[in-house]
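# Observations on the model geometry
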Amino acid sequence: MANSLRREVLNLYKNLLYLGRDYPKGADYFKRRLKNVFLKNKDVKDPEKIKELIGRGEFVMKELEALYFLRKYRAMKQRYYSDTKETH
């Protein structure tokens, strides 16, 4: 049980680290914050609490993905569609 949770935590950390490369405040800022959060919770031993923290991390991953998709959408919209005020 503990081994599978450890694997999940490591995968979560790697995935968040990967997503942090495009963070608006910079990859170094994101990496420092991520490391601090994981170190703060390194002494948690209760499997239920660990699962809860993994769930919170997965939520953050989804939010980051949504942020990046929205940013890409806005950039594409600005690039390919003219401002509607100018056409009237």
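Now for a quick tour of the structure. This one's a predicted model, so the numbers in the text were calculated from it and none came from an experiment. (Residues numbered from 1 in each chain as written. Predicted model: local features only at pLDDT ≥ 70, side-chain atom pairs only at ≥ 80, totals over all residues. Heavy atoms only, no water.)

## Looking at the overall build of the chain
As a reminder of what qualifies: Each helix is a run of DSSP H or I of at least 4 residues and each strand a run of E of at least 2, with the numbering of both proceeding from the N terminus. With the radius of gyration taken over C-alpha atoms, the globule rule is written as 2.2 Å times the number of residues to the power 0.38. Throughout this description, buried means an accessible area under 20% of the type-specific maximum (1.4 Å probe, protein chains only), exposed means over 50%, and partly exposed covers the range between. Here, two residues are considered to be in contact whenever any of their heavy atoms come within 4.5 Å of each other. Surface accessibility follows the Shrake-Rupley procedure with a 1.4 Å probe radius. Residue values consider only the protein chains on display as shielding. The sign given to each residue is positive for Lys and Arg and negative for Asp and Glu; His and the chain ends receive no count. Each charge is placed at NZ for Lys, CZ for Arg, CG for Asp and CD for Glu.
Per the secondary structure count, the chain includes four helices and zero strands. For the chain, the α and β elements follow one another from N to C terminus as α-α-α-α. Relative to the 2.2 N^0.38 estimate, which gives 12 Å for 88 residues, the radius of gyration of the chain is 18 Å and therefore markedly larger than a compact globule would have. Taking the principal axes of its C-alpha atoms as reference, the chain extends roughly 65 × 25 × 15 Å. Looking at the chain as a whole, 16% of its 88 residues are labelled buried. When contacts within the chain are restricted to residue pairs at least 6 apart in sequence, those whose partners lie at least 24 apart make up 68%. Split by element, the accessible area of the chain, about 7700 Å² in all, is 54% carbon and sulfur. Counting 22 positive and 12 negative side-chain charges, the chain places the averaged centre of each group 5 Å from the other.

## Digging into the packing of aromatic side chains
Centre distance and the angle of the planes are the two values used to describe a pair of aromatic rings. So the rule is basically this: Aromatic pairing here means that ring centres of Phe, Tyr or Trp (its six-membered ring) are within 6.5 Å. Orientation follows from the plane angle: under 30 degrees is stacked, over 60 is edge-to-face, and everything else is tilted.
For the structure shown, the criterion picks out three aromatic pairs. A ring pair is formed by Y23 and F30, whose centres lie 5.2 Å apart and whose planes are at 45 degrees; its orientation type is tilted. Among the aromatic residues, those joined into a cluster by ring pairs are Y23, Y29 and F30.

## Quick notes on the nonpolar core
As a reminder, the rule being used: Joining through side-chain atoms within 4.5 Å is the link that ties buried Ala, Val, Leu, Ile, Met, Phe, Trp, Tyr and Cys residues into a set, and such a set is a nonpolar core.
In this structure, L12, L16, L19, F30, L34, M61, L64 and Y68 together form the largest nonpolar core, which totals eight residues. Where this core is concerned, the elements lending two or more residues are helix 1 (2–19), helix 2 (27–40) and helix 3 (47–80). Excluding its chain neighbours within four sequence positions, the residues that come into contact with Y68 are L19, G20, D22, Y23 and P24.

## What to know about the pattern of salt bridges
Our working rule: Whenever a carboxyl oxygen of Asp or Glu lies within 4 Å of a side-chain nitrogen of Lys or Arg, that contact is scored as a salt bridge.
On inspection of all chains with the given rule, the structure shows two salt bridges. Note that K49 is salt-bridged to E52, the shortest N-O span being 3.7 Å. Here K49 and its partner E52 are both found in helix 3, three residues apart, which amounts to about one turn of the helix. Assessed through its relative accessible area of 31%, K49 is described here as partly exposed. Across the salt bridge formed by E52 and R56, the nearest N and O atoms sit 3.7 Å from each other. Here E52 pairs with R56, and both are found in helix 3, just four residues apart, close to one helical turn.

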